[in-house]
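One letter stands for each residue in the lines below.
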Amino acid sequence: LAKTTQPISMDSYEGQEVNITCSHNNIATNDYITWYQQFPSQGPRFIIQGYKTKVTNEVASLFIPADRKSSTLSLPRVSLSDTAVYYCLVGDLNNAGNMLTFGGGTRLMVKP
Amino acid sequence: NAGVTQTPKFRILKIGQSMTLQCTQDMNHNYMYWYRQDPGMGLKLIYYSVGAGITDKGEVPNGYNVSRSTTEDFPLRLELAAPSQTSVYFCASSPRWDSKYFGPGTRLTVT
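All residue numbers here refer to positions counted from 1 along the written sequence of the relevant chain. Labels are handed out in written order, letters beginning with A for the chains and numbers beginning with 1 for the ligands. Where local features are concerned, this predicted model is filtered to residues with pLDDT of at least 70; where side-chain atom pairs are given and counted, the filter is 80 or more; whole-chain, interface and lining totals use all residues. Excluding hydrogens and water, the side-chain figures rest on all heavy atoms present in the structure.

## Quick notes on the layout of surface pockets
Part 1: Cavities and pockets were defined on a 1 Å grid built from protein atoms only: a cavity is a group of points that admits a 1.4 Å probe but offers it no way out, a pocket is an open group of points flanked by protein on both sides within 12 Å along at least five of seven lines, and a lining residue is one with an atom within 4 Å of any such point. Grid points are joined across faces, edges and corners, and a volume is the space filled by probe spheres set on the points. Here the largest pocket is characterised by a volume of approximately 400 Å³.
Part 2: As for the largest pocket, its lining consists of 22 residues, of which A:Pro40, A:Ser41, A:Arg107, B:Gln37 and B:Gly40 are closest to the centre.
Part 3: Only DSSP runs of H or I with at least four residues qualify as helices, and only runs of E with at least two residues qualify as strands; both kinds are numbered from the N terminus onward. Of all the secondary structure elements, the ones that give two or more residues to the lining of the largest pocket are strand 8 (84-92) and strand 9 (106-111) of chain A together with strand 9 (87-94) of chain B.
Part 4: Class assignment for the residues of the lining of the largest pocket results in eleven nonpolar, eight polar and three charged. Amino acids outside the nonpolar list (Ala, Val, Leu, Ile, Met, Phe, Trp, Tyr, Cys, Pro) and the charged list (Asp, Glu, Lys, Arg) are all regarded as polar, and Gly is one of them.

Written out as structure tokens, the structure reads:
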């Protein structure tokens, strides 16, 4: 099972770009990388998913290098409302793998 | 669509009492899950289901039971509540193993 490692916490300021890196050295060929965001007192929310290279949506970008042993979630021009915990999950979309398991996540604090 | 709904939002139980946390989804998802989240911690999987009539244990199933008689409903039963079960409980559903949709959570206190 691909285990993931993320920084426990990060601080940033409004208007800055934030990059959160997730390490997954044992990622398997069929594994995808999925990121969730969780605000206080709410359930996690799916924000982005990718397999390789770069994926972008209205919320974030996901960068995955060729070896796929890590991935970087990029949040452009963060605001106070981006303060949340961000979770990286890795697994096969067609099998449970460790898509079921949420680690501790990265607690992002955005300051004015 | 209402998405994933959970009831109740809050509950206080006495030690030894039992209760059922309700979870319903209207997205026709096959996969459903129950997680618990202790203060300041990540989510831990209690049980999951890949379809009606099929359930399986997650990381922390002890003290809990589930059933899945319909696609829409996935209730979580707590028997003989203990203080260690004080937590926030999240139900989720998904069309595949990814892209989970979470409910608003049930905050449970056992005293």
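Moving on from the model shown.
## What to know about the nonpolar core
Part 1: One finds A:Ile33, A:Trp35, A:Leu73, A:Leu75 and A:Tyr86 to be the most contacted residues of the largest nonpolar core, which totals 20 residues.
Part 2: Elements with a contribution of two residues or more to this core: strand 2 (18-23), strand 3 (31-38), strand 4 (45-50), strand 6 (61-64), strand 7 (70-75), strand 8 and strand 9 of chain A.
Part 3: For this core, the element with the most residues is strand 8 of chain A, which contributes four residues.
Part 4: Residue contacts for A:Ile33: discarding those within four places in its chain leaves A:His24, A:Ile27, A:Ile48, A:Gln49, A:Gly50, A:Leu62, A:Ile64, A:Ser71, A:Cys88, A:Leu89 and A:Val90.
Part 5: By nonpolar core is meant a set of buried Ala, Val, Leu, Ile, Met, Phe, Trp, Tyr and Cys residues that side-chain atoms within 4.5 Å join together. Note on exposure labels: buried denotes an accessible area under 20% of the residue type's maximum, exposed denotes more than 50%, and partly exposed covers the range between, all computed with a 1.4 Å probe on protein chains only. In this structure, B:Met32, B:Val66, B:Phe74 and B:Cys91 belong to the second largest nonpolar core, which totals 19 residues. The contact criterion used throughout is that any non-hydrogen atoms of two residues lie within 4.5 Å.

Everything listed is a geometric property; what it means functionally is a separate question.
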